[in-house]
Amino acid sequence: MNGLRLGAAFALAAAIAIGAGAGAPPGSAPRVLAAGNASHLWIVARNEGRVKLFHAADTMEPGTMREAAILAEGMPIDIAASGTRVDLLFPARSAILPRAHILSTSTRQHPASGRWLSVPADRLELMPALPEEKEIESFASSESGPMLLHAGSARLWRLERGEWQAIDLPRAVAEAPARRIERRSKSTSVLARSGPDGGWERWTHDDDGWRRV
């Protein structure tokens, strides 16, 4: 039932975005970005001439969602979510924000009305400056904050308590031609492409370090 509810919400957002983007030139920015899980779905779509962030929860009526924020910065590069938290990756905009940056928000359910509210209510939060200037290869979200893999970097970066923490990657992952962060329920994993057939290997990190699974 949860999947049906959130699937209906995504279909609604896609319909809104397709209508708003009719006639857009080829190669223009994507009209829909989405991330989430079985309980919460976060969607970025163009609507009424603006880029908006929508949120749907499995407690809402099927096919309904709420407008969580208007994105004055326009369409983000990427979106990542972990339950009630969502992180949005934006390109450099100006001398004030000269490189890519992350804006974040979260949601909570009002105990009396049952309505889902944005936290904070009036803005998106700017996360600390990215730890490296290299292109971002992979972007994900966790309960504590966003996670990053920069292209060519031998480190996985994770934001914890307002500071970027570096996790050194095993050599096989650091030297892989392609990597992708995979957020799992109890650990952090990185998929690394390797071998002559270009297959993917999963490396998982926990308190005991890295291991291939």
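Summarised in this report is the structure supplied together with it. (Residues numbered from 1 in each chain as written. Predicted model: local features only at pLDDT ≥ 70, side-chain atom pairs only at ≥ 80, totals over all residues. Heavy atoms only, no water.)

**Focus on the pairing of strand 1 (residues 32-36)**
- Covered by surrounding structure in strand 1 are Leu33 and Ala35 only, the residues Val32, Ala34 and Gly36 on the alternate face being uncovered.
- Pairing of strand 1 with strand 2 (residues 40-47), which is carried by five bridges, proceeds in the antiparallel orientation. When the sheet's bridge partners are listed, alanine 35 is paired in strand 2 with tryptophan 42.
- Hairpin connection of strand 1 to strand 2: three residues between the antiparallel strands. (Buried < 20%, exposed > 50% of the residue type's maximum accessible area, 1.4 Å probe, protein only. Helix = DSSP H or I, 4+ residues; strand = E, 2+ residues; numbered from the N terminus. Pairing = 2+ DSSP bridges.)

**Focus on the layout of surface pockets**
- Taken as a whole, the largest pocket holds about 190 Å³ of empty space.
- Residue lining of the largest pocket: 15 residues in total, with Ala69, Ile70, Leu71, Arg123 and Leu124 positioned closest to the centre.
- Of all the elements, strand 4 (residues 66-70) adds the most residues to the lining of the largest pocket, at three residues.
- Classifying every residue of the lining of the largest pocket gives 10 nonpolar, two polar and three charged. (1 Å grid on protein atoms, 1.4 Å probe; cavity = no way out; pocket = protein on both sides within 12 Å on 5 of 7 lines; lining within 4 Å. Points joined across faces, edges and corners; volume = space filled by probe spheres on them. Nonpolar A, V, L, I, M, F, W, Y, C, P; charged D, E, K, R; others polar.)

**Observations concerning the sheet that holds strand 12 (residues 155-160)**
- Read from one edge of the open sheet, four strands run 10-11-12-13, paired in antiparallel fashion. Where the open sheet ends on each side, the last strands, each with one partner, are strand 10 (136-141) and strand 13 (163-168). Between one strand and the next, the sheet's axes are offset by a mean angle of 20 degrees, whatever the strand orientation.
- The sheet contact formed by strand 10 and strand 11 (residues 146-150) spans five bridges and is antiparallel. Residue pairing across strands places serine 138 opposite leucine 149, the latter belonging to strand 11. (Axes fitted to C-alpha atoms, helices over the stretch in contact; angles between N-to-C directions.)

**Side note on the pattern of salt bridges**
- Taken as a whole and judged by the stated rule, the model has 12 salt bridges.
- The closest approach of N and O atoms between arginine 85 and aspartate 87, which form a salt bridge, is 3.0 Å.
- With its nearest N and O atoms 2.8 Å apart, the salt bridge here joins glutamate 137 to arginine 179. Here glutamate 137, found in strand 10, pairs with arginine 179, found in strand 14 (residues 179-183); they are 42 residues apart in sequence, far enough to count as distant.
- Judged by its relative accessible area of 29%, glutamate 137 is partly exposed. (Salt bridge = Lys/Arg side-chain N within 4 Å of Asp/Glu carboxyl O.)

**Describing the nonpolar core**
- One finds Trp42, Val44, Leu53, Leu71, Ile79, Val86 and Leu88 to be the most contacted residues of the largest nonpolar core, which totals 17 residues.
- For this core, the secondary structure elements donating two or more residues are strand 1, strand 2, strand 3 (50-57), strand 4, strand 5 (78-82) and strand 6 (85-90).
- For this core, the leading source of residues is strand 6, giving three residues. (Core = buried A, V, L, I, M, F, W, Y, C linked by side-chain atoms within 4.5 Å.)

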